[in-house]
Amino acid sequence: MTSHKTTQTMKPATAAKKLGVYLEATPPEFQEGVVSRDELNALQADPPEWLRELRRTGPHPRPVVAAKLGISIGGLTRGGVTEALTTEQIEALKTENPDWLVRERATQAEVRKETVRVKGKDH
C-alpha cells in the first residue's frame, strides 16, 4: 500500500479572503492560478511586495474597510459603500465623519456592549 498525499489547494478568491486583500487588485498570476496551503502559508509568513503594498494602500475588501472604520459590513451597505476602498479613501471618510458613519459606529458600540453583557451572564 502506498500513501499519496494530495496537496490542498484553494481558489484565488478564497486565498485573497484569507490574506485580507481585494482579489481584483492582486496580480494576474495570483487571480488565474490556484493556491496551495503551503503557498498561502508562505505568503502570510513572508509577504511579497505586491501583498505588502495592497495591505498598506488597498484597495481593501469590504470586511477590511468595515473593520478599519469600526462598523459592520451591513453598516457599509447602509452608508452606500458597495466597492472596495483604498486606505486614502478610508482615511478621508474618517476625517469627513459623515452622519451615517457616526450612526453606524454608535450601533457597533452598542452591539459590542451587548455582546460583553451577554458573555458576562454566561460565566
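Our subject is the structure listed above.
Report follows, based on the coordinates. Because the structure is a prediction, the values reported are computed rather than measured. (Residues numbered from 1 in each chain as written. Predicted model: local features only at pLDDT ≥ 70, side-chain atom pairs only at ≥ 80, totals over all residues. Heavy atoms only, no water.)

1. Observations concerning the environment of glutamate 110
Relative to the elements of secondary structure, glutamate 110 occurs in helix α8 (residues 99-122). Classification of glutamate 110 by relative accessible area gives partly exposed; the value is 48%. Sequence spacing of glutamate 110 and proline 27 is 83 residues, and the spatial spacing of their C-alpha atoms is 39 Å. (Helix = DSSP H or I, 4+ residues; strand = E, 2+ residues; numbered from the N terminus. Buried < 20%, exposed > 50% of the residue type's maximum accessible area, 1.4 Å probe, protein only.)

2. What about the pattern of salt bridges?
For the structure on display, the rule yields seven salt bridges. The shortest N-O distance in the salt bridge between arginine 56 and glutamate 49 comes to 3.2 Å. For glutamate 49, a relative accessible area of 43% gives the class partly exposed. Across the salt bridge formed by glutamate 114 and arginine 117, the nearest N and O atoms sit 2.5 Å from each other. Of the two residues, glutamate 114 and arginine 117 both sit in helix α8, three residues apart, roughly one turn of that helix. You can call glutamate 114 partly exposed: its relative accessible area is 37%. Here the salt bridges share partners, and the residues they tie into one network are Glu49, Arg52, Glu53 and Arg56. (Salt bridge = Lys/Arg side-chain N within 4 Å of Asp/Glu carboxyl O.)

3. Let's talk about the side chain of serine 36
Relative to the elements of secondary structure, serine 36 occurs in strand β2 (residues 35-36). If sequence neighbours within four positions are ignored, serine 36 has contacts with Thr7, Gln8, Thr9 and Met10. (Contact = heavy atoms within 4.5 Å.)

4. Comments concerning the packing of aromatic side chains
Scanning the model with the defined rule gives one aromatic pair in all. Residues phenylalanine 30 and tryptophan 50 carry aromatic rings whose centres are separated by 5.4 Å and whose planes lie at 55° to one another, so their mutual orientation is tilted. Placement of phenylalanine 30 in helix α2 (residues 28-32) and of tryptophan 50 in helix α4 (residues 49-57) is noted, with a sequence separation of 20 residues between them. (Phe/Tyr/Trp six-rings, centres within 6.5 Å; stacked < 30°, edge-to-face > 60°.)

Everything listed here is a matter of coordinates, which is why it stays silent on function.
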